[in-house]
Amino acid sequence: MARPETNPDPAPPFLEVRSLTKYYPITKGFRRRVTGLVKAVDDVSFSIREGETMGLVGESGCGKTTTARCVLRALEPTGGQILFQTADSGTVDLAPLSRRELRPLRRQMQMIFQDPFGSLNPRMNLFDIVGEPLLVNGMPNRKERQERVAELLGLVGLRPEYMQRFPHAFSGGQRQRIGIARALALNPRLVVADEPVSALDVSVQAQVLNLLLELQERLGLTYLFVAHDLSVVKHICDHVAVMYVGKLVETADTKTLFYSPKHPYTASLLSAVPIPDPRLRSEGIELSGEVPSPANPPPGCYFHPRCAYAIDVCKTQSPLLRQVSPGHFVSCHRAGELPLQGIVT
Amino acid sequence: MEESLDTAPLLKEAIPEDRVSVASNAQLVWWRFTKHKPALVAMVVLFMFFVVLLFPAFFSIQEPELTDAKLAFIPSQSLHLFDGAKLRPWVPTVVGKRNPTTLRMEWKIDASKKIAVRFLSQGYPYKIFGLIPTRLHILGAVRADEQNRIYLLGTDRLGRDQWSRLMFATQTSMTIGMVSVALSIFLGVLLGGISGYFGGFVDLVIQRLIELLQSLPTIPIWLALSAALPRDWPPTRVFFAITIILALIGWTTLAREVRGRFLSLREEDFVLSAELVGCSRMRIILRHMVPTFSSHIIATSTLAIPVMIISETSLSFLGLGLRPPAISWGVLLQEAQNIQTLALAPWLLIPGLVVVIAVLAFNIVGDGLRDAADPYGK
């Protein structure tokens, strides 16, 4: 298994995902015979250093959310390892842990959700929403919780007087701030943000992104940032991993990936990023065809039916992830020999 | 979804913005419910039924079991509040004459002779909730004796006062309806919850069981089950048996509803979020999932009560549910089975009208609740 050793230090990385897989069985009939597998996440490996932000990008349905949820163990991975450096007891593999074993670790990793409307229980007011993590993790004193909730609301830029209000009294951006406050209540070290701004207006997006950056600096957070908007990723991430149909196709630090992509899929994604300069005319690479279904992927390289550079070997052999320069991994048979362009500016 | 808050702009006119912000779900539901005027009216009607349910003896005028063959088939005497210009309630006298050819008593309303009546008068003794002895009744003749009897809804073939019997029947029938729905809710939420939360094989078994129960034609099943009840059981035991029979058949729809809610809620982000912050399973179910669909459960059960009432009434009407001396709407309607009786004493159909009113009221309130149940949706 090729896996990126982005970290040259001897110390283990903060979070290391090794050949993570998540398969969903396709069953048929009354007896639920398994007739096939949907490989939602197929052999994905990456690692994050403490205090950095890893961006996970790809089209919808490529498995990036599933990957993020497996890392948090909201889903049970089919295989692979998730090595997490805990605050007190060294490195732990999260993948095989049971619900009960996970509970003490939960407070170290939290999630920010995409939908600011679905992720807050409409029956609870702000105090209950933000204070619940404290309550279930051993802070039964209401007064103490109130103080902490007020502090958290202040941290995300909401007025503590709103504590008695219900979510329906807030706008999308404000709700996302509430979600962030709830995620931060337990002082987590890893925060998985699943498209935290894609449901928001552009003007609000910037505010929330800046809030996330500010919080990272102040609290030393490590982010796993799932997104499909590359301009957002460029703004916030230190490293980027690109996924296509459940597989990792390219990973590198943000600058390298954006300015010299080595995978044709990455290049086509980058060409779709709008350039805020009317004089520049980008030669957009338009992909033909559709994203294949992970239940029935094409043979060889999953991308070859849509790839302009596909050769015979692409149709039969699945490319392995290999290192083209330090910290830059690509899974393409022709990596390095293609005239690919990153973003222009 | 932000526009989904269609109550908010409406509410803003009457209620200051801040009250909406801190309004809990129950308050939002209530505000929305009050916009549905027919449901409010129906709620008042239901409230009156509940008062009768609690104090049937107070609302009765005569003892419900007091028979007097000589006083059979007396028509309704209407209650008049004013005697001339004065507030002095009265009812007209009925005079009976035996028809010499048919030997049947024939009753005539004689409005010239007035029986003075009084609200909150003393009558036959009874105990409130079986505890507090009293003689207080809502209505009674000023001079209560053999001559001055009041039959607001007439009498049946045994000379029993239908008004008083109707009060007790209301208690029985409404109680059966609500207790069996309560039992159905218990069974439905429990089995539906297990089915939806755990899924897999348990789900499969429970769903097939529900399908089986729903595919059985209900009337024959009720008939079979109630025919299986020993005929020598006392009325109270029959009462409970009927309640349980109704509940055993009635839980399926509710279980399906609850299962569906659990299935959709399992996928909700806020449930996952609760899981991720370390909530226990019990807390997720009780604090996050159940409150989210509790208003739907209330609405569904309100709509289920009339079905139960109708079922009990049909069973008793067919003579397979409650039997005299128990009094229920069905038992009262049994008196109206005979076409000849009906022609002679059409007032015996009045319990049917009461059933219609109660069922309609429950349905309208249930509809209103269902529409109001999700103030965030649609």
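Residues numbered from 1 in each chain as written. Chains lettered and ligands numbered in written order. Predicted model: local features only at pLDDT ≥ 70, side-chain atom pairs only at ≥ 80, totals over all residues. Heavy atoms only, no water.

Caption draft 1: Region of the structure containing the overall build of chain B. Counting its regular elements, chain B contains 14 helices and four strands. Oriented by its inertia axes, the alpha-carbon framework of chain B measures out at about 85 × 55 × 40 Å. Within the span of chain B, comprising 378 residues, buried residues form 47% of the whole. The contacts in chain B between residues at least 6 apart in sequence include a share of 67% that link residues at least 24 apart. Carbon and sulfur atoms make up 67% of the accessible area of chain B, which amounts to about 18900 Å² in all. Computed over 35 positive and 29 negative side-chain charges, the separation of the two mean positions in chain B equals 9 Å. (Helix = DSSP H or I, 4+ residues; strand = E, 2+ residues; numbered from the N terminus. Buried < 20%, exposed > 50% of the residue type's maximum accessible area, 1.4 Å probe, protein only. Contact = heavy atoms within 4.5 Å. Areas by Shrake-Rupley, 256 points an atom, 1.4 Å probe, with all protein chains shown as cover. Lys, Arg positive; Asp, Glu negative; His and termini not counted. Charge placed at Lys NZ, Arg CZ, Asp CG, Glu CD.)

Caption draft 2: Quick peek at the overall build of chain A. Helices and strands together make up the secondary structure of chain A, namely ten helices and twelve strands. Radius of gyration (C-alpha) of chain A: 21 Å, near the 20 Å computed for a compact globule of 345 residues. Overall, the C-alpha framework of chain A stretches about 70 × 60 × 50 Å when taken along its three principal axes. Counting every position in chain A, which comprises 345 residues, the buried fraction comes to 54%. Across chain A, 39 positive and 34 negative side-chain charges occur, with their mean positions spaced 6 Å apart. (Rg over C-alpha atoms; globule rule 2.2 N^0.38 Å.)

Caption draft 3: Structural view of the nonpolar core. Counting residues in each nonpolar core, the largest one holds 63 residues, and the members touching the most others are A:Ile180 and A:Phe225. Among the elements that take part in this core, helix 6 (residues 202–219) of chain A stands out by supplying six residues, more than any other. Among the domains, domain 1 (15–108 + 189–330) and domain 2 (119–187) of chain A are the pair contributing at least three residues each to this core. Of all hydrophobic cores here, the second largest spans 48 residues; its members include B:Ala169, B:Ile309, B:Trp329 and B:Phe362. (Core = buried A, V, L, I, M, F, W, Y, C linked by side-chain atoms within 4.5 Å. Domains from an automatic or database assignment.)

Caption draft 4: Quick look at a nonpolar patch on the surface. Residues B:Leu79, B:Leu81, B:Phe82, B:Leu87, B:Phe119, B:Leu120 and B:Leu136 make up a contiguous nonpolar surface patch of about 660 Å² in total accessible area. Broken down by secondary-structure element, the contributors of at least two residues to the nonpolar patch are strand 1 (80–83) and strand 3 (105–128) of chain B. (Patch = residues over 30% accessible without salt bridge, like charges linked within 9 Å, V, L, I, M, F, W, Y side chains within 5 Å. Salt bridge = Lys/Arg side-chain N within 4 Å of Asp/Glu carboxyl O.)

Caption draft 5: How the structure looks around the sheet that holds strand 6 (residues 109–112) of chain A. All names here are of chain A. One open sheet holds the eight strands; their spatial order is 6-7-8-3-9-10-12-11, and the pairing between them is mixed. The sheet is open, and its two edges are formed by strand 6 and strand 11 (322–325), each paired on a single side. The sheet shows a mean angle of 20 degrees between the axes of neighbouring strands, direction not considered. Two elements, strand 3 (residues 53–57) and strand 9 (residues 239–244), share four bridges in a ladder whose sense is parallel. Residue Gly 55 lies in a different strand from strand 9, and its bridge partner there is Val 240. Sheet strands in contact with helix 5 (residues 172–184) are strand 6 and strand 7 (190–194), and its direction is about 175 degrees off that of strand 6. Packing against the sheet, helix 9 (residues 264–271) makes contact with strand 9 and strand 10 (247–253), and its axis sits at approximately 105 degrees to strand 9. (Pairing = 2+ DSSP bridges. Axes fitted to C-alpha atoms, helices over the stretch in contact; angles between N-to-C directions.)

Caption draft 6: Highlighting the interface of chain B and chain A. Each partner contributes residues to the interface: chain B has 36 residues there, and chain A has 36 residues. Here chain B and chain A share an interface that buries about 3200 Å² over both sides, 55% of which is from carbon and sulfur atoms. Where chain B touches chain A, the interface holds four salt bridges. When the shortest N-O distance is used, the salt bridge between A:Arg99 and B:Glu275 registers 2.5 Å. Across the contact surface, chain B and chain A share 13 residue pairs in polar contact (both at pLDDT 80 or more). Along the lines of polarity and charge, the residues of the side of chain B that touches chain A split into 16 nonpolar, nine polar and eleven charged. (Buried area = accessible area lost by both parts, 1.4 Å probe. Polar contact = N/O pair within 3.5 Å; in protein donor to acceptor, adjacent residues only side chain to side chain. Nonpolar A, V, L, I, M, F, W, Y, C, P; charged D, E, K, R; others polar.)

Caption draft 7: Structural view of the packing of aromatic side chains. Summed over the entire model, instances satisfying the criterion amount to 14 aromatic pairs over all chains. On the basis of an interplanar angle of 65 degrees and a centroid distance of 5.5 Å, the ring pair of A:Tyr162 and A:Phe170 is categorised as edge-to-face. A:Phe170 gets classed as buried once you look at its relative accessible area, which sits at 4%. On the basis of an interplanar angle of 50 degrees and a centroid distance of 6.1 Å, the ring pair of B:Tyr124 and B:Tyr126 is categorised as tilted. Accessibility assignment for this pair places B:Tyr124 and B:Tyr126 in one class, buried. An aromatic cluster is defined as three or more aromatic residues linked by ring pairs; in this entry it consists of B:Tyr197, B:Phe198, B:Phe262 and B:Phe293. A cation over a ring is seen here: B:Arg237 above B:Trp233, with NZ or CZ 5.1 Å from the ring centre. (Phe/Tyr/Trp six-rings, centres within 6.5 Å; stacked < 30°, edge-to-face > 60°. Lys NZ or Arg CZ within 6 Å of the ring centre and 35° of its normal.)

Caption draft 8: Spatial organisation of the packing of helix 6 (residues 162–198) of chain B against helix 7 (residues 200–215) of chain B. Residues and elements named next belong to chain B. At a closest axis distance of 7 Å, the pairing of helix 6 and helix 7 adopts a crossing angle of 140 degrees. What the angle tells us is that helix 6 and helix 7 run oblique. Once helix 6 is placed against helix 7, the crossing between them reads as left-handed. For the pair helix 6 and helix 7, contact is made by Leu 191, Ile 194, Ser 195 and Phe 198 and by Gly 200, Val 202, Asp 203, Ile 206 and Gln 207, respectively. Per-class residue counts for the contact of helix 6 with helix 7 are five nonpolar, three polar and one charged. (Parallel < 35°, antiparallel > 145°, perpendicular 65-115°, else oblique. Left-handed = near helix turned anticlockwise from the far one by under 90°.)

Caption draft 9: Region of the structure containing the packing of helix 3 (residues 126–136) of chain A against helix 5 of chain A. Residue and element names in this part refer to chain A. Across the interface, helix 3 lies against helix 5 with an axial gap of 7 Å and an inter-helix angle of 30 degrees. Considering the angle they form, helix 3 stands roughly parallel to helix 5. Facing Leu 126, Ile 129, Val 130, Glu 132 and Pro 133 of helix 3, the residues of helix 5 in contact are Ile 178, Ala 181 and Arg 182.

Caption draft 10: A look at the domain arrangement of chain B. Domain annotation for chain B reports domain 1 (77–150) and domain 2 (165–373). Its C-alpha centre places domain 1 of chain B at a distance of 38 Å from the equivalent point of domain 2 of chain B.

Caption draft 11: Quick peek at the environment of B:Leu136. Residues and elements named next belong to chain B. Take Leu 136: it is sitting in strand 4 (residues 132–141). Residue classification places Leu 136 among the partly exposed positions, given a relative accessible area of 31%. Ignoring sequence-local partners within four residues, the contact set of Leu 136 consists of Phe 58, Leu 120, Ser 121, Gln 122 and Tyr 126.

Caption draft 12: Geometry of the pattern of salt bridges. All names here are of chain B. Inspection of the entire model under this criterion finds 25 salt bridges over all chains. Here Arg 165 makes a salt bridge to Glu 65, at a shortest N to O gap of 3.5 Å. Taken together, the positions of Arg 165 in helix 6 and Glu 65 in the loop between helix 5 (56–59) and strand 1 put the pair 100 residues apart, joining distant regions of the chain. Judged by relative accessible area, Arg 165 falls into the buried class, the value being 3%. In this structure, the salt-bridge partner of Glu 211 is Arg 256, at a minimum N-O distance of 3.3 Å.

Caption draft 13: The arrangement of the sheet that holds strand 3 of chain B in detail. Residues and elements named next belong to chain B. Strands sit in the order 1-2-3-4 across an open sheet of four strands; the sheet is antiparallel. The sheet is open, and its two edges are formed by strand 1 and strand 4, each paired on a single side. The mean inter-strand angle of the sheet, taken between neighbouring strand axes irrespective of direction, is 50 degrees. Where strand 1 meets strand 2 (residues 86–98), three bridges bridge the pair, whose relative direction is antiparallel.

Caption draft 14: Spatial organisation of the environment of A:Phe117. Residue and element names in this part refer to chain A. In this structure, Phe 117 sits in the loop between strand 6 and helix 3. For Phe 117, a relative accessible area of 19% corresponds to the buried category. A sequence separation of 37 residues divides Phe 117 from Gly 154, and the C-alpha atoms of the two residues are 21 Å apart.

Caption draft 15: Structural detail: the side chain of A:Arg306. As for its placement among the helices and strands, A:Arg306 is situated in the loop between helix 9 and helix 10 (312–316). In this view, A:Arg306 contacts A:Glu59, A:Tyr244, A:Leu287, A:Ser288, A:Gly289, A:Glu290 and A:Val291; residues no more than four positions away in its chain are not counted.

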